[in-house]
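Residues per chain are reported as follows:
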Amino acid sequence: MKRISRRTAITGGFGAAALTLAACGNRTVPAEAGTFPPAPTLTPKAGQGLVTQTLTAAPTTVDLGGRTVSTWAYGESLPGPLIRATAGDLLRITLENRLPEASTIHWHGIRLHNAADGVPGMTQDPVEPDTSFTYEFVVPDPGTYFFHSHVGLQLDRGLYAPLIIDDPDEPGGYDAEWIVTLDDWIDGTGQTPDDVLAGLTGAGASDGGGMDHGDMPMGEGSSDGMDHGEMPMGDEPWGDAGDVAYPHFLINGRIPEAPEIFEAKPGQRVRLRLINASADTIFALALGDHDLSVTHSDGFSVEPVTAKALYLGMGERYDVAVTVKDGMFPLVARPVGKTSGGRGLAVLRTGAGEVPAADVQVRELDGEVLIGSTLEPAEAARLEDRAVDTELELAFQGSMEPYQWAINGAPFGQNTPLSIREGQRVRIIATNQTMMSHPLHVHGHTFALPSGLRKDTVMMAPMESFALDFDADNPGRWAAHCHNAYHQEVGMMTGIDYAS
Ligand code: C2O
Ligand code: CU
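Residues numbered from 1 in each chain as written. Chains lettered and ligands numbered in written order. Predicted model: local features only at pLDDT ≥ 70, side-chain atom pairs only at ≥ 80, totals over all residues. Heavy atoms only, no water.

A.B. asks: Looking at this model, I keep getting lost on the sheet that holds strand S10 (residues 176-185). Mind explaining?
C.D. replies: Through backbone hydrogen bonds, the strands of a sheet pair up, either in parallel or in antiparallel fashion. Taken in spatial order, the six strands line up as S12-S10-S14-S19-S16-S17 in an open sheet, and their pairing is mixed. Edge positions in the sheet fall to strand S12 (248-251) and strand S17 (300-307), since each of these pairs with one other strand and no more. Strand-to-strand, the axes of this sheet are offset by a mean angle of 25°, without reference to chain direction. When strand S16 (residues 292-297) meets S17, the two strands line up antiparallel, connected through five bridges. Paired with His 296 across the two strands is Ser 301, which belongs to S17. (Pairing = 2+ DSSP bridges. Helix = DSSP H or I, 4+ residues; strand = E, 2+ residues; numbered from the N terminus. Axes fitted to C-alpha atoms, helices over the stretch in contact; angles between N-to-C directions.)

A.B. asks: When you look at the coordination of the copper ion (ligand 2) in this model, what are you seeing that I'm missing?
C.D. replies: For a metal bound by four donors in tetrahedral geometry, the ideal donor-metal-donor angle is 109.5 degrees, whereas six donors in octahedral geometry ideally sit at 90 or 180 degrees. Coordination sphere of the copper ion (ligand 2), protein contribution only: His 438 (ND1), Cys 482 (SG) and His 487 (ND1), at 2.0 to 2.1 Å. Between the donor residues of the copper ion (ligand 2), the gaps in sequence give the motif H-x43-C-x4-H. Taken together, the residues span a long stretch of sequence, with His 438 in strand S26 (residues 438-442) and Cys 482 in strand S31 (residues 477-482) at a distance of 44 residues. Taken as a pair, His 438 and Cys 482 share a single burial class, namely buried. (Donors = N, O, S within 2.8 Å, 3.2 Å for Na, K, Ca; no water. Buried < 20%, exposed > 50% of the residue type's maximum accessible area, 1.4 Å probe, protein only.)

A.B. asks: I tried to follow the pattern of salt bridges on my own but got confused; where do I start?
C.D. replies: Note that side chains of opposite charge can pair when their charged atoms are close. With the rule as written, the count across this model stands at 28 salt bridges. In this structure, Glu 177 and Arg 273 form a salt bridge, with 2.6 Å as the shortest nitrogen-oxygen distance. Residue Glu 177 is found in strand S10, and its partner Arg 273 is found in strand S14 (residues 269-276); the two are separated by 96 residues along the sequence. (Salt bridge = Lys/Arg side-chain N within 4 Å of Asp/Glu carboxyl O.)

A.B. asks: Hey, could you run me through the packing of aromatic side chains in this one?
C.D. replies: The way to describe two aromatic rings as a pair is by their centre distance and the angle between their planes. If you walk through the whole model with that rule in mind, you get ten aromatic pairs. With centroids separated by 5.8 Å and ring planes inclined at 85°, the aromatic side chains of Phe 249 and Phe 283 adopt a geometry described as edge-to-face. Within this pair, whereas Phe 249 is found in strand S12, its partner Phe 283 is found in strand S15 (residues 283-287), the two being separated by 34 residues in sequence. In this structure an aromatic cluster arises from ring pairing among Tyr 74, Trp 107, Phe 133, Tyr 135, Phe 137 and Phe 147. Arg 157 extends its terminal NZ or CZ atom over the ring of Trp 72, reaching a point 3.7 Å from the ring centre. (Phe/Tyr/Trp six-rings, centres within 6.5 Å; stacked < 30°, edge-to-face > 60°. Lys NZ or Arg CZ within 6 Å of the ring centre and 35° of its normal.)

A.B. asks: Could you clarify how one ought to interpret the sheet that holds strand S5 (residues 90-97) in this entry?
C.D. replies: As summarised here, the arrangement of the four strands in space is S3-S2-S5-S7, forming an open sheet in which the pairing is mixed. Only two strands of the sheet have a single neighbouring strand rather than two, namely strand S3 (68-74) and strand S7 (131-138). The average undirected angle you get between the axes of adjacent strands in this sheet is 25°. The pairing of S5 with S7 spans eight bridges and is classified as antiparallel. Paired with Thr 94 across the two strands is Thr 134, which belongs to S7.

And the structure:
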C-alpha cells in the first residue's frame, strides 16, 4: 500500500505575509458587535404554513450509549431536535443562548434571505450568552438539510440537528423514513474541540471555554487528539482526509456498542436521509446486504444510481432509497483515513437476528464507493441554460505544518471577498491546491457542477478543480468555505458579496 506522510503533503500557493498573519486566532467573530440592524420580522401570508420552535443551546450531559460526555447541545439532545417543515413555509425559530460563549445558527443549504443565514460578523451580530435571537425565513426548496452553530468550533460539540423540508408535490414512493446523522466525536472525552485546535496550531493549552473536562478518562484516542499517523492511500480518492483522531464516531448520537435500531417491515421501501454533520471526517457508508438507490444530493433530485456504498463529505447530504430485506442489518459509516475510534453503526431491524457487533464488517464497503460529484442531475434540478456573465476564482490553499488554511492567498479577514452582481450567471472556478481533501460549501445558493448536478457542498479531492455555476438571485453577503470546521476556523473561508 502506498503511504503518504502528512508532513510532506504540503503545497504552498499563498504568500509569506499571509502566512504570518494567519496565526492571529479566531476570525469568525468580529471584535465589535452591534453593527447589524435587527432581523426583519415576517408574517405568514394567507395559506402559508408557520413553523415555530425554540432551540436552547446549553452545556449538558449526553449519553452516547453507556458513554456519558459533557458537551454543548440544543435541547439537551444529540443530535438536537429535528425541525421539519414543508417547502414554502415560514420558519420562526428562536435561539436561546445559554452557552458561556456567543453563538449563532446557520441553516445549511437553505436558500434563505441573507439576514437569517447565521454567520456572525457577516449577516448578524453574534448572539451573546443569556440572550436570544429569532430567525425568520421562508424555506423555498424541499430536501434534506441540517442546522448548526456557525461560531468557532461549536459544530464539533453537539450543536447540530437535522432540518427536513417536505415536498408538497412529491408522489411519496416510500413507506418509511430514516434520518441518519453522522458525526465524529471528541468533546467531553478529555478535551474540547478548542483544545484540539490549540494542539493543531501549536498555541498550547486553551481554557476549553470554561467547561469542566476533568471528569473523563483520557486515552481512547491519541492523547492530544491529533491524527499524527501516516495514512493509507489505498484506492481512496481523498488523500489526506482529516486532522483529528476522534475517539468515537456516532450515528444519531450513538456509539456502535449501543446503536440506534430502526424498525421497518420486510419489503418496505425506506428512504434514508443521510447527513454528515461531522467536523473533520469523510465517511464511506453502506447498509449490509442491501443496494442503495441514490435519489437526492444536497436536497436536489438526481438521476437515480444504484450503489453498494457512498462517500459523504462534511456538510453533504444524500437521500437513498432501499427495499429492505428480512432480518437485522448493520448500517456502517467507515471514517476515511482515520486510524482510531472505530466506526459509526446503526441497525435496521425488519425481522429476527442478533444486533450486529460494534466492529461488524460489511462487504459492501470492500468494493467501489460512489463519489457524489459523479452523479447526474434529474431534469427538474437543472439550471436553465444561459451564458456565464462573470468568472471568479476560488483557490483552497494551506498546510498542516504550520497549521494554516486559506482561500485566494490569505485567511478569512485578509482575503478579498468575491464580488458579484444580482442577475448575473456566476461561474466560480474552484481549485484545491493542497494534498488534503476539502468540502467546499457556498451559502445562500445551490450551484451546478459541469454535469448540471446541483449541490451546496462538494468534496474536492487533492488538486481537484470544478467549475461551479449559479444564478446571483439572492442578494447579500454570503460565506463560502471549507466545511472542515478546523480549516474554516483558521481561515479557509471567504465572502461572496453582491455589489450594489
Ligand atoms: Cu454548514 Cu458555513 O456552514
Ligand atoms: Cu479544508
